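One letter stands for each residue in the lines below.
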Amino acid sequence: EGETIWRSAIEDEKVRKLADRFSTPGDMAKAYAELNTEFSQRIKVPGADATEEDLSKFRKMLGVPESADKYDVSRPEHINEETFASEPFQNMLQGVVGRMHEAGATQAQVDAAIGTYFELEAAQQAATKQNDQQFSKDAEAGLRSEWGEDYDANLSFAKQALSKFEFGEQLTQTELSNGMLLGSNPDFLRVMANYGRITGEGSLQLGLR
């Protein structure tokens, strides 16, 4: 009977029903203390009237760095060190990270977002490379059929012609609107083969025109 006296002294019915879960006031006080500790460790989302200080504290509790340059963004495998360290690439990267910092992104969120972007980019590059290889195979098959026994000779003339240009190698890597590299384009190879043959035979003036 003594165990129920302290409960009967509670006037609020809801609180009294809550007290029925505990054997002694000590048990109830202990549960309240544990609950109070749990609430104190929870992160409260700032409301619309939150001050900049409140927002700063909230972000710090979430693990948001103080500034955008504090994020750790690792270089993906498909991008070489020189490209990754270049000013244009870093400007692009910091622009994205800066916007994420403004939105209150944590390091984990930045890792997920940037990682997903790099994965998609790597997949796109792999698909482009595969398409380039297929275009090249198709172009080679077509020219072999057209040129027959002269294929190797014409290809050699085309390479000789390209060697006369300072940026000949970069020129062949130019991507056309259909995704094909210029160096794999049959029309381009025909022109280069003709130019190489003309220059090789000493008829440069007419051929160059």
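Going by the structure above, here's the rest.
Residues numbered from 1 in each chain as written. Predicted model: local features only at pLDDT ≥ 70, side-chain atom pairs only at ≥ 80, totals over all residues. Heavy atoms only, no water.

Student: How do you make sense of the packing of helix α7 (residues 107-147) against helix α8 (residues 151-163) when you look at a structure like this?
Tutor: For any two helices packed against each other, one specifies the inter-axial angle together with the distance between the axes. As a packed pair, α7 and α8 sit with axes 9 Å apart at the nearest point and diverge in direction by 115°. Mapping the contact onto sequence places E140, L143, R144 and W147 in α7 and Y151, D152, N154 and L155 in α8. Residue composition of the contact of α7 with α8, by class: 4 nonpolar, 1 polar and 3 charged. (Axes fitted to C-alpha atoms, helices over the stretch in contact; angles between N-to-C directions. Helix = DSSP H or I, 4+ residues; strand = E, 2+ residues; numbered from the N terminus. Contact = heavy atoms within 4.5 Å. Nonpolar A, V, L, I, M, F, W, Y, C, P; charged D, E, K, R; others polar.)

Student: When you look at a nonpolar patch on the surface in this model, what are you seeing that I'm missing?
Tutor: A cluster of nonpolar side chains, M92, V96 and Y117, forms an exposed patch at the surface whose accessible area comes to about 240 Å². Topologically, V96 is positioned in helix α6 (residues 87-102). You can call V96 partly exposed: its relative accessible area is 36%. (Patch = residues over 30% accessible without salt bridge, like charges linked within 9 Å, V, L, I, M, F, W, Y side chains within 5 Å. Areas by Shrake-Rupley, 256 points an atom, 1.4 Å probe, with all protein chains shown as cover. Salt bridge = Lys/Arg side-chain N within 4 Å of Asp/Glu carboxyl O. Buried < 20%, exposed > 50% of the residue type's maximum accessible area, 1.4 Å probe, protein only.)

Student: For this particular structure, what's the right way to read the pattern of salt bridges?
Tutor: One side chain can pair with another of opposite charge once the charged atoms of both are near each other. A complete count under the given rule lists 4 salt bridges for this structure. Taking the shortest distance from any N to any O, the salt bridge between R190 and D187 comes out at 2.6 Å. Taken together, the residues span about one helical turn, with R190 and D187 both in helix α10 (residues 186-201) at a distance of 3 residues. Take R190: its relative accessible area is 28%, and that puts it in the partly exposed class. Classification of D187 as exposed rests on a relative accessible area of 52%.

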